[in-house]
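Summary of structural features
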Amino acid sequence: MKVKKFFVSLVCTLAVFMVAMGFGLSAAAAKETDDNTINNGVYIAGIDVSQMTAKQATEAIDDYLSELGNKTITFMVDSNEVKVKASDLGMECNNMDVVEDAVNLGKTGNIIQRYKALKDLQHESKEYDLDITFDEAQIKKVINEQCLVYNVDPVDASLKREKGQFVITESQTGVGVDVDKSIQLVEDSLKEWNRDDSSIDLAVELVEPKASKEDFAKVKDVLASFTTSFSTSGSSRSANIENGAKLINGTVLLPGETFSTYDSITPFTAENGYYLAGSYLQGQVVDSFGGGICQVSTTLYNTVLRAELQVDERYNHSMIVGYVDPSADAAISESAGKDFKFTNTTDYPIYIEGITSGKKITFNIYGCETRDSNRTIEFKSETLTTTEPTGAKYTLDGTLLFGQQKQTQSPHTGYTAKLYKYVYVNGKQTDVEEINYSSYKAEPAYISVGTAWGDENSIAALSAAVATNDTATVNATIDSLAGIVNQAAAQAAAAQAQADALAAQQAAQEAQQAAAE
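None of these values were measured; they are calculated from a predicted model. Residue positions are given per chain, counted from 1 along the sequence in the order it is written. Residue-level local features of this predicted model are given only where pLDDT is at least 70; pairs of side-chain atoms are given and counted only at 80 or more, and the full residue set underlies all totals for whole chains, interfaces and linings. Side-chain numbers here rest on the full set of heavy atoms in the structure, without hydrogens or water.

Glancing now at the overall build of the protein. Think of it this way: any DSSP run of H or I at least four residues long counts as a helix, any run of E at least two long counts as a strand, and we number them from the N terminus. Along its length, the protein carries 13 helices and 27 strands. Each residue is assigned to one of three classes by its accessible area relative to the maximum for its type, calculated with a 1.4 Å probe on protein chains only: buried under 20%, partly exposed between the two thresholds, exposed over 50%. Out of the 517 residues belonging to the protein, those deemed buried represent 39%. When checking whether two residues touch, look at their non-hydrogen atoms; a contact exists if any pair is within 4.5 Å. Taking the intrachain contacts of the protein between residues at least 6 apart in sequence as the baseline, contacts between residues at least 24 apart amount to 73%. Only carbon and sulfur atoms are counted for the fraction: they give 50% of the accessible area of the protein, which is about 28,600 Å². Under the convention used here, a 1.4 Å probe and the Shrake-Rupley method define accessible areas, while residue burial counts only the protein chains that appear.

And the structure:
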């Protein structure tokens, strides 16, 4: 009985104690809940936010972040410094809800949990951290815009030909920022950032030049040479050919590089050294700046073929040309978008030399010869079809006497042709390859017919005949208007005589006046 009474008494005592404790905790919890401030002993990123409201704590953290954003991050580019603010790197805080956690500490959960949280704060402060991150795109932008200016570009060795000899200059190694590696270095460093001014070394690497003196020293063999003549060309066309050769002369192509003839010789302007000369346009020969330049591209094309480089783009002319065989030409046209392109497919640099002398243009391609000495190549043109021009194309010309005819363009025979490459080893043919197929239009003669001094009805009749482009009709119409033709000739002669007389009279008056003075 005594044991039973003792047990009952112990239980009652504990119950009274728990009730008293519960009331005490409930009162404390109620007090903290009513007071929307953070308990003592709470810190956020080292900031004491004790007794602050959520708003006050947020403002304190905002001030801290603003101060943090002004910290200086120095990027080291070799010995150069690039200083930026942390905020320039896209700095931001991703857990501002930590304020809510701080406010709720000791105010959520059951009585025991709240009591324990408050008792813990009495013995040790609670520290919350801020999750600070940086934007990769902003880091990359800063590196690209502010750090790459300290890159030192490599300098390729140069190669030029003077007085029949090659002259080579030394190359120089460059220094450059490795952007991708540097971004990774910055990101890794900022993950361990002590939130103070700091310095980060970027990844800098040596940048080797594309061409060295040793590479160019191997350029000493003539891989191919080809010459065409422009002996029948006038001064303007000749000047255009000489200018085109000069613009290409000295070109160096490294292995794998592609050459565009059009890009190297344009623009076709007087400022770029060109003159008006005849060129093909829609079946006609018309004057244009750079007329004759296709002989430059054609000569270069034949040189490239013999050097056995890769031809990437080539077009034949609309009409046949006389300075190479059919299918051996390469046209350049600004309006038609025609270009001649090729790639250096050798393992060594090549040097292109363009020379004009004695109304001949020559291209030489130098490189390192690796082809077998007992192997030779030859190119042959094969004409497949021939189409003779028929009729003529007539136009009216007010500067010619009525009925007078003047041929302004010779007829052109049409052709289709192929170009073949023959390979010989020790003098014996071992291979034949079709290089291209070309089609050239047949064009009749172009003839201008005069209308000067003709009357309205006669010009109308002649215009109708010319529109037929039939030679017999045109000639018959002119014959039927013989009286008008003679009359126009007489009127023109009379007008000329009158002009001559007036000129003679004026000259006599000027002579008389000069004698009087």
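I44, F75 and L130 are the most contacted members of the largest nonpolar core, which has 44 residues in total. If you list the elements that add at least two residues to this core, you get β1 (42–44), α2 (54–69), β3 (72–77), β4 (80–85), α3 (98–104), α4 (111–123), α5 (136–147) and α6 (179–191). Ranked by residues supplied to this core, first place goes to α2 with 6 residues. Here F75 is in contact with N80, E81, V82, L89, V142, I143, C147, V186, I200 and L202, once residues within four sequence places are set aside. By convention a nonpolar core is built from buried Ala, Val, Leu, Ile, Met, Phe, Trp, Tyr and Cys residues, the set being connected through side-chain atoms within 4.5 Å.

Two rings from Phe, Tyr or Trp (for Trp, the six-membered ring) form a pair when their centres are within 6.5 Å of each other. A pair whose planes differ by under 30 degrees is stacked, one over 60 is edge-to-face, and the rest are tilted. Evaluation of the coordinates by the stated rule reveals 9 aromatic pairs. Centroid distance F268 to Y274: 5.3 Å. Interplanar angle 70°. Geometry classified as edge-to-face. For the pair shown, F268 and Y274 are each scored as buried. Ring geometry for Y301 versus F340: centroids 5.4 Å apart, planes at 80°, classification edge-to-face. Taken as a pair, Y301 in helix α10 (residues 293–307) and F340 in the loop between β18 (310–313) and β19 (341–343) lie far apart in primary sequence, 39 residues in all. Each of the two residues, Y301 as well as F340, counts as buried. Through a chain of ring-to-ring contacts, three or more aromatic side chains come together here, namely F259, Y301, F340 and F342. Ring-over charges, as used throughout, are those where CZ of Arg or NZ of Lys falls within 6 Å of the ring centre and within 35 degrees of the ring normal. Looking at K126, its charged tip hangs above the ring of Y128, at a distance of 5.3 Å from the centre. Above the ring of F166, the side-chain terminus of R161 is found at 4.7 Å from the ring centroid.

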